Amino acid sequence: MAKTKPFRPKARRPRGFEDRAAHVLRAERALVSAASAVYEQWGFEPLETPAFEYADALGKFLPDEERPNEGVFAMQDDDEQWMALRYDLTAPLARFAAENFQDLAKPFRRYQFGEVWRNEKPGPGRFRQFVQCDADSVGAPGPAADAEMIALASEVMGSAGLSEGEYVIRVNDRRLLDGVLERLGDAASDKRLRVLRAIDKMDRLGLEGVELLLGEGRKDESGDFTEGAGLDADQRRHVLSFIEAGQVEDALTGAARNTEVLKRLTQALGDTEAGKLAVADLETITSVLDALGKSENWTLDTSVVRGLGYYTGPVFEAELLAEATYDDGSPIRFGSVGGGGRYDDLVSRFTGQAVPATGFSFGVSRFAAALSALKRLDAAKADPLVIIVAAEKDRMADYFALAADLRGAGLRAEAFIGGGNMGKQLKYADRRDADFAVIIGSDEREAGEAQIKDLKLGARLAAEITDNKAWREDQPAQFTVARDQIVSAIKARLSGG
């Protein structure tokens, strides 16, 4: 009888998900730690909600009977209710706030970081699982709360290692866009989304490209045609005057620039109800941010369009301006790494009453990757590592005791527990990017000494070597110390002594 070949599954990662290595995780954790410290300092409280929520609590991703898994990863519980992995951190916050509304101090100020999952087609840099970090104020009416969120976003940028001028918070107001649509009249109401999407292309296409999309449409370089909103010349002029209100000469910056933009917006939309409300709130936001010393960190930008069916007032994006390059010297373009705004309708889905809210969120992986490219995450570096070489296999207890001594002194240390001779163990230390290797063989043990290899110095000197004979004789990266001096010798090397 033939033997059945055992089934061996192919080792493969699910499409749209990623493995995150140690250096990536350290960068992300350093960023989350920096942001959390800012949120704590500003009086926000941490909150953790479950990975699963009832699917009907996920707002616009509410599944229908035919598609219970649309946009989310869902499963049916034994009570036949659909649960889904959270799509973001805001919908769970709205559910929590509604469920505990009577017991919460309002405004309820919370921050949260954690994994979110999206059942969408994956692509380059687009994953189905990633980490977000949010801060929100629920039950906070008025533009002062929005100004605080913009200031908070600026503080997070600074805590992440960015200096003034290396980032900007771009601010718009959804009601300004409503004012634009109001001026277009009822005849253009069915063209709303196309108008807003055209405005959103301002950064990429410029005024000329946006005007084409507002009109009959635009053909791109590949020959593909995008149908336009079909506005007539007068309607296009209204929209373009709104966009141009935010196009101020470069000589104006900070408070002077924002004051000029507000003046132009008043002229462009001051006769619309939505425009009046937006301009008044933006004036308050300006005064609050000026008082906080944030005038140079933010700018009014009429091209910011986000969350068309979500945000109800001010909206903003945090954009990196700092420059970095790929290995070939070409520039890395980071763009937006976070954003937020006012959303006054989300909690009311549960309560039936208006509950104002505003918040800021950033994608941890994207932001951390950008900061790593800019070399702004020093806190993400691993502490120096010391490897204790297992020179004598029957002395493992001694090696473990030494590693414990090093850890007790605040150093990061491990005793080698794998197989292989000393050469293989030193190769292991190199692959671990260890800083030091400690060797205590029989000779060193009998003499009460230890050999210490400064691996980083050795690698640097090896790259500069010109005389092999002198290298072999001097061995400047290897030195001998007394057994009770190992800790102090390593610390002295680390401090530059």
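You'll find the structure just up there.
Residues numbered from 1 in each chain as written. Predicted model: local features only at pLDDT ≥ 70, side-chain atom pairs only at ≥ 80, totals over all residues. Heavy atoms only, no water.

A. Representation of unusual backbone geometry in the model. Here the amide bond leading from K106 into P107 is cis, since omega sits at 5°, within 30 degrees of zero. Mapped onto the fold, P107 is located in the loop between α2 (90–99) and β5 (108–117). Positive phi outside glycine occurs at E80, with the angle close to 70°. Structurally, E80 is set in the loop between β3 (74–76) and β4 (82–85). Given the relative accessible area of 61%, E80 is considered exposed. Even without being glycine, D433 reaches a positive phi, approximately 60°. Turning to its location among the elements, D433 is positioned in the loop between α13 (422–431) and β18 (436–439). (Helix = DSSP H or I, 4+ residues; strand = E, 2+ residues; numbered from the N terminus. Buried < 20%, exposed > 50% of the residue type's maximum accessible area, 1.4 Å probe, protein only.)

B. Representation of the packing of aromatic side chains in the model. In the structure shown here, the tally under the stated rule is 10 aromatic pairs. Ring geometry for Y310 against Y343: centres 5.6 Å apart, planes inclined by 20°, an arrangement best described as stacked. Of this pair, Y310 sits in the loop between β10 (298–300) and β11 (314–320) while Y343 sits in the loop between β14 (335–342) and α10 (348–351), and the two are 33 residues apart along the sequence. Relative accessible area serves as the criterion here: at 22%, Y310 is assigned to the partly exposed category. You can call Y343 buried: its relative accessible area is 4%. One aromatic cluster is present, built from ring pairs that chain together F316, F360, F362 and F367. When the ring centre of F101 is taken as reference, the NZ or CZ atom of K106 above it lies at 4.4 Å. (Phe/Tyr/Trp six-rings, centres within 6.5 Å; stacked < 30°, edge-to-face > 60°. Lys NZ or Arg CZ within 6 Å of the ring centre and 35° of its normal.)

C. Examining the sheet that holds strand β17 (residues 412–415) more closely. One open sheet accounts for 5 strands, arranged β17-β16-β18-β19-β20; its pairing is mixed. Of all the strands in the sheet, just β17 and β20 (478–482) have a single pairing partner and so form its edges. When strand polarity is set aside, the average angle formed by the axes of neighbouring strands in this sheet is 25°. In this sheet, β20 lies alongside strand β19 (residues 449–454) in antiparallel orientation, the contact comprising 5 bridges. Across the sheet, I452 pairs through a bridge with F479, a residue of β20. (Pairing = 2+ DSSP bridges. Axes fitted to C-alpha atoms, helices over the stretch in contact; angles between N-to-C directions.)

D. Focus on the packing of helix α5 (residues 192–200) against helix α6 (residues 202–214). Relative to each other, α5 and α6 sit at 145°, their axes nearing to 7 Å. Together, V195, A198, I199 and D200 of α5 and M202, V210, L213 and L214 of α6 make up the contact between the two elements. (Contact = heavy atoms within 4.5 Å.)

E. Structural detail: the pairing of strand β15 (residues 357–363). In terms of burial, β15 is largely enclosed, as 6 of its 7 residues are buried. Both strand β6 (residues 129–138) and β15 contribute to a ladder of 7 bridges, which runs antiparallel. Bridged to V138 within β15 is A357. Pairing of β14 with β15 involves 5 bridges; the strand directions are antiparallel. Opposite G339, over in β15, you have S361 as the bridge partner.

F. Structural context of the pattern of salt bridges. All chains considered together, the criterion is met by 28 salt bridges. In this structure, R170 and E319 form a salt bridge, with 2.5 Å as the shortest nitrogen-oxygen distance. Of this pair, R170 sits in strand β7 (residues 167–173) while E319 sits in strand β11, and the two are 149 residues apart along the sequence. Among the residues examined, E319 registers a relative accessible area of 22% and is labelled partly exposed. For R493, the salt bridge identified is with D454, shortest N-O distance 3.0 Å. Here R493, found in helix α17 (residues 486–494), pairs with D454, found in strand β19; they are 39 residues apart in sequence, far enough to count as distant. Relative accessible area serves as the criterion here: at 11%, D454 is assigned to the buried category. Through salt bridges with shared partners, a single ionic network connects R20, E28 and E115. (Salt bridge = Lys/Arg side-chain N within 4 Å of Asp/Glu carboxyl O.)

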